[in-house]
Protein chains: 2
Amino acid sequence: MQSVSVIQETALPWPSLPHVYDPRLAPRHRRDMPSPIAARAAHKCIIRAFKKDQQIFGEGIVAEFSAQVVTGAVRMSKLLGDGRRQIDAFHLAGGFFGIESGPEHRFSAEATVNTTVRVYRFGDLDSIAADGQFAGKAVFAALVQSLECAQDHALLLGKKSAREKVSTFVLDLAERLASDKTIDLPMSRMDIADYLGLTIETVSRTLTQLQRDGIIDLPCRRRAIVLRNKSALRRLANGDVDFTLSGTG
Amino acid sequence: MQSVSVIQETALPWPSLPHVYDPRLAPRHRRDMPSPIAARAAHKCIIRAFKKDQQIFGEGIVAEFSAQVVTGAVRMSKLLGDGRRQIDAFHLAGGFFGIESGPEHRFSAEATVNTTVRVYRFGDLDSIAADGQFAGKAVFAALVQSLECAQDHALLLGKKSAREKVSTFVLDLAERLASDKTIDLPMSRMDIADYLGLTIETVSRTLTQLQRDGIIDLPCRRRAIVLRNKSALRRLANGDVDFTLSGTG
DNA sequence: CGATGGTTTGAGTGTTTTCAAAGAACGTGG
DNA sequence: CCACGTTCTTTGAAAACACTCAAACCATCG
C-alpha cells in the first residue's frame with residue numbers, strides 16, 4: 001500500500017559513504033576490506049521508495065531497521081506534548097539514520113521529498129559494538145558524527161540569531177550537497193523553520209533580507225537558493241563580528 | 001569524602017600529566033560508581049582536583065585524555081566567534097567526558113564548582129572501538145548517552161519557552177542528583193543561562209515566577225531549589241498542554 | 001564587619017512571533 | 001498545452017517574549 005517499490009539489491013559497500021565514513025577514522029581498513037555488516041546484510045538489503053512527507057518510521061516504534069539515504073532527504077523529528085516539532089537533523093544521500101541504542105526509535109523519520117532509502121536490518125547495538133572489525137567502527141563513526149552534528153546544532157539553536165541560523169543552514173547545505181552556486185533545497189520552509197527553531201515567516205523574511213543584502217539570490221523556483229557572497233555567509237554563520245547590520249541601511 | 005588523598009594542582013597543562021600509578025588511588029572504585037573503563041585502564045588512572053571555574057581542557061586542545069567526574073560538576077562549552085558561550089552539557093558524579101573522535105577536543109571543559117575527576121589516557125577511538133569487551137561497550141554507551149542528551153537539548157533550545165526550559169532543567173537536575181526535595185545546584189545562574197540559551201536575568205525571573213506559582217521554593221541559600229509541585233514541573237517541562245498561564249492570574 | 005561578586009528586580013527596547021492576507025509556484029485535470 | 005485550484009511562500013501590522021541596561025539587594029568570604 002504505502003511502499004512504492006521494493007527491489008532486491010546486491011552488496012553495496014558501506015565504505016563509499018560520504019557522510020558516515022570519515023577516512024580519518026579508519027583509513028587503514030578502508031581499502032578492499034569487506035564490511036561484515038554489508039556482507040551479512042547484503043542478502044536482506046532492500047531499497048524502498050517513500051513519497052514526500054511519508055513516514056519511514058515513527059517515534060517510539062521498535063527499532064528493527066536502520067537505513068541509508070540513496071536519493072532525496074529524510075528529516076528526523078521529535079514532538080513536544082502540544083505538537084510543537086523540532087527537527088534534529090536532515091539526512092541527505094549517503095547518510096545513515098535509525099541506529100538506536102535502546103529498543104525503540106527516539107525520533108520519527110520522514111521523507112522531505114520523494115526519497116529512496118536502503119534498508120538494513122540490525123541486531124542490537126551491543127553486538128555491533130562487540131564487533132571489533134569494520135561494522136563496529138562504521139557504526140561508531142556514524143554515532144560520533146551524529147553527536148558532533150547535534151552539538152553544533154545546539155550551539156546554533158541556543159546562541160544564534162535568525163540571520164545567523166539561516167546563514168549557517170544555507171552554508172551547511174551547500175557543503176553537504178556539494179553545491180557551488182545553486183542549492184536545490186530538498187525541504188520546505190516549514191522543515192527549515194522547525195530545524196532552526198524559527199517560524200516559517202521568520203525564515204522567509206530572513207532569506208529575503210539576505211537577498212536584499214546581496215548575499216544570496218532567490219530565483220523564481222522557490223526550492224532553490226543561489227550563493228552570491230559565500231564569505232559573508234560564512235562570517236555570519238560563525239558570528240565572527242557584528243555583521244548583523246549590513247549594506248543598504 | 002573519600003579516604004584517598006587527592007592531588008591538588010594549580011596550573012595544569014594537560015600534556016604534562018604525570019602518568020603515575022598509585023595503587024592507593026586508582027583501583028579503588030566507589031562501589032556506587034562502577035567504572036568498567038577504569039578496570040581496564042587502572043594502571044594509567046589518576047585522580048585530580050580542580051577548583052571552581054578552573055579549566056580541565058580547552059576547545060581545540062589535543063585530546064589525549066578523557067575523564068570521569070568523581071565529585072562536583074563539569075561544564076562542556078563552546079564559543080562563538082564573538083564570545084557568546086553555549087554550554088552543551090553538565091557532567092555530574094559518574095559522568096564521562098572528553099571522549100573524542102577526532103584529534104582534538106571540540107569543547108572546553110571547566111569545573112563549575114570544586115571538582116575531582118578520574119583521568120584516563122585513551123588511545124584513539126579506533127582502538128577503543130576495536131575492543132569488543134568492556135571498554136568498547138562502556139565508551140559506546142557513554143557516547144550514545146551523550147547523543148541522546150544532546151538531542152533532547154536541541155528540542156529544549158529550539159522549541160521551549162523560558163518557563164519550560166527552566167522547568168526541564170530543574171527536573172532533570174533533581175533526577176540526576178537523586179534529589180527528592182532539595183536540589184543543591186552545582187553551578188551558577190550564568191552557567192544555567194548559557195545551558196538553556198537564556199540570560200541570567202531571565203533565568204532568575206523565571207525561577208522567581210515559578211516560586212510565586214508555588215511550583216518551587218527558593219531558600220535564602222541561593223544555590224538551592226526546593227521542589228514543591230513536581231507534577232506541575234513535569235507538565236511544564238513536557239509542554240503537555242497550555243500550562244503557560246498559571247495560578248495567581 | 002565591610003568588601004565583593006553573584007543574584008534579583010525594574011524599565012525600556014528589540015527581535016521574533018502571531019495573526020492575517022496577498023502573492024506565486026506547482027500539480028491536476030481538461 | 002493551458003487553466004484552474006491548491007498549497008506553499010511572502011509580506012504586513014501588531015503583540016509577546018526575552019534581552020539589554022541599570023541599580024538595588026544580599027549571601028559569602030576575607
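Note that the structure is a prediction, hence the values are computed from the model and not measured.

## A look at the overall build of chain A
1) Next: For chain A, the helix and strand inventory stands at eight helices and 12 strands.
2) Next: When each of the 249 residues of chain A is scored for burial, the buried share is 53%.
3) Next: A sequence separation of at least 24 residues applies to 74% of the contacts in chain A between residues at least 6 apart.
4) Next: Element-wise, carbon and sulfur atoms account for 53% of the exposed surface of chain A, whose accessible area totals about 11300 Å².

## Description of the protein's contact with DNA strand C
1) Next: The environment of DNA strand C is formed by 18 residues, the closest being A:Ala162, A:Thr202, B:Arg189, B:Arg205 and B:Thr208.
2) Next: A:Thr202 places a side-chain nitrogen or oxygen 2.5 Å from a phosphate oxygen of DNA strand C.
3) Next: Interatomic distance of 3.4 Å between a side-chain N/O atom of A:Arg222 and a sugar or linking oxygen of DNA strand C.
4) Next: Mapped onto the surface near DNA strand C, the elements with two or more residues apiece are helix H7 (200-212) of chain A together with helix H6 (200-212) of chain B.
5) Next: At four residues, H6(B) tops the list of elements feeding residues into the surface near DNA strand C.

## Digging into unusual backbone geometry
1) Next: One non-glycine residue with positive phi stands out, namely A:Ala178, at about 55°.
2) Next: Topologically, A:Ala178 is positioned in the loop between helix H5 (162-176) and strand S10 (182-184).

## Some words on the protein's contact with DNA strand D
1) Next: The local shell around DNA strand D holds 18 residues, among which A:Arg189, A:Ser204, A:Thr208, B:Ala162 and B:Thr202 are the closest.
2) Next: Here a phosphate oxygen of DNA strand D and a side-chain polar atom of B:Thr199 are 3.3 Å apart.
3) Next: Between B:Thr202 and DNA strand D, the recorded distance is 2.5 Å, taken from a side-chain N or O atom to a phosphate oxygen.
4) Next: Per-element tally for the surface near DNA strand D: the top contributor is H7(A), with four residues.
5) Next: Looking at the surface near DNA strand D residue by residue, the class counts come to three nonpolar, seven polar and eight charged.

## Some remarks on the sheet that holds strand S6 (residues 85-91) of chain B
Residue and element names in this part refer to chain B.
1) Next: Strands sit in the order S3-S8-S5-S6 across an open sheet of four strands; the sheet is antiparallel. Because the sheet does not close on itself, it has two edges, and the strands there are strand S3 (55-57) and S6. Here the strands of the sheet are splayed against their neighbours by 30° on average, with no regard to which way each runs.
2) Next: Sitting on the sheet, helix H5 (residues 189-196) touches strand S5 (74-79) and S6, and the angle it makes with S6 is about 105°.

## Brief notes about the confidence of the model for chain A
1) Next: Within chain A, residue pLDDT values average 78, and 71% of them lie at 70 or more.
2) Next: Confidence drops under a pLDDT of 50 for residues 242-249 of chain A, and excluding neighbours within four residues, the segment shows nine contacts in the predicted structure.

## Structural notes on the pairing of strand S12 (residues 224-227) of chain A
Residues and elements named next belong to chain A.
1) Next: Residues of S12 alternate between two faces, with Ala224 and Val226 on one and Ile225 and Leu227 on the opposite face, all of them buried.
2) Next: Here three bridges tie S10 to S12, and the two strands are oriented antiparallel to one another. The residue of S12 that forms the bridge with Thr182 is Val226.
3) Next: In this structure, strand S11 (residues 216-217) lies alongside S12, joined through two bridges in antiparallel fashion. Within the sheet, the bridge partner assigned to Asp217 lies in S12 and is Val226.
4) Next: Hairpin geometry of S11 and S12 is characterised by an intervening segment of six residues between the two adjacent antiparallel strands.

## Describing the packing of H5(B) against H6(B)
In a packed pair of helices, the relevant descriptors are the angle between the two axes and the axis-to-axis distance.
Residues and elements named next belong to chain B.
1) Next: It is the contact of H5 with H6, at a shortest axis distance of 8 Å, that shows an interaxial angle of 100°. Judged by the angle between their axes, H5 and H6 are roughly perpendicular. Contacts between H5 and H6 involve Arg189, Met190, Ile192 and Ala193 from the first element and Ile200, Val203 and Leu207 from the second.
2) Next: Taken together, the residues of the contact of H5 with H6 sort by class into six nonpolar, no polar and one charged.

## Section: the pattern of salt bridges
Any two side chains of opposite charge can pair, so long as their charged atoms come close to each other.
1) Next: If you walk through the whole model with that rule in mind, you get 30 salt bridges over all chains.
2) Next: Between A:Arg75 and A:Glu110 there is a salt bridge whose closest N-O contact spans 2.8 Å. Linking A:Arg75 in strand S5 (residues 74-79) with A:Glu110 in strand S8 (residues 108-111), this pair joins segments that are 35 residues apart in sequence.
3) Next: Note that B:Asp191 and B:Arg85 form a salt bridge whose closest N and O atoms lie 3.1 Å from each other. Here B:Arg85 lies in strand S6 and B:Asp191 lies in helix H5, a separation of 106 residues in the sequence.

## Thoughts on the sheet that holds S11(A)
1) Next: Reading across the sheet, the three strands line up as S10-S12-S11 (chain A) and stay open at both edges, with antiparallel pairing between neighbours. This sheet does not close on itself; its edge strands, each paired only once, are S10 and S11 of chain A.

## Notes on the packing of aromatic side chains
Residues and elements named next belong to chain A.
1) Next: Within this structure, the stated rule accounts for 10 aromatic pairs over all chains.
2) Next: Through successive ring pairs, a cluster of aromatic residues spans Phe90, Phe169 and Tyr195.
3) Next: The cationic tip of Lys78 hangs over the ring face of Phe107; the distance from NZ or CZ to the ring centre is 5.0 Å.

## Some details on the nonpolar core
1) Next: Counting 64 residues, the largest nonpolar core has A:Phe169, A:Val170, A:Leu196, B:Phe169, B:Val170, B:Ile183 and B:Leu196 as its most contacted members.
2) Next: If we ignore the near neighbours within four places in the chain, the residues touching B:Leu196 are B:Leu156, B:Leu157, B:Lys165, B:Val166 and B:Phe169.
3) Next: Core analysis: the next-biggest nonpolar cluster, separate from the first, contains 18 residues, A:Val139, A:Ala150, B:Tyr120 and B:Leu143 among them.

## Comments concerning H6(B)
Residues and elements named next belong to chain B.
1) Next: With 13 residues, H6 extends 18 Å from end C-alpha to end C-alpha; this agrees with the ideal 18 Å at 1.5 Å per step.
2) Next: Listed as buried for H6 are Val203, Thr206, Leu207 and Leu210. All buried residues of H6 fall inside an arc of 100° around its axis, so they share one side. Of the residues in H6, the exposed ones pointing more than 90 degrees away from the buried face are Arg205 and Arg212.
3) Next: In this structure, the buried side of H6 is in contact with helix H4 (162-176), H5, strand S11 (216-217), strand S12 (224-227) and helix H7 (230-238).
4) Next: After H6 finishes, the residue Gly214 shows a positive phi value of roughly 75°.

Procedures and definitions
Residues numbered from 1 in each chain as written. Chains lettered and ligands numbered in written order. Predicted model: local features only at pLDDT ≥ 70, side-chain atom pairs only at ≥ 80, totals over all residues. Heavy atoms only, no water. Helix = DSSP H or I, 4+ residues; strand = E, 2+ residues; numbered from the N terminus. Buried < 20%, exposed > 50% of the residue type's maximum accessible area, 1.4 Å probe, protein only. Contact = heavy atoms within 4.5 Å. Areas by Shrake-Rupley, 256 points an atom, 1.4 Å probe, with all protein chains shown as cover. Near = heavy atom within 4 Å. Polar contact = N/O pair within 3.5 Å; in protein donor to acceptor, adjacent residues only side chain to side chain. Nonpolar A, V, L, I, M, F, W, Y, C, P; charged D, E, K, R; others polar. Pairing = 2+ DSSP bridges. Axes fitted to C-alpha atoms, helices over the stretch in contact; angles between N-to-C directions. pLDDT = per-residue confidence, 0-100. Parallel < 35°, antiparallel > 145°, perpendicular 65-115°, else oblique. Salt bridge = Lys/Arg side-chain N within 4 Å of Asp/Glu carboxyl O. Phe/Tyr/Trp six-rings, centres within 6.5 Å; stacked < 30°, edge-to-face > 60°. Lys NZ or Arg CZ within 6 Å of the ring centre and 35° of its normal. Core = buried A, V, L, I, M, F, W, Y, C linked by side-chain atoms within 4.5 Å. Expected span 1.5 Å × (residues − 1). Arc of directions from axis to C-beta.

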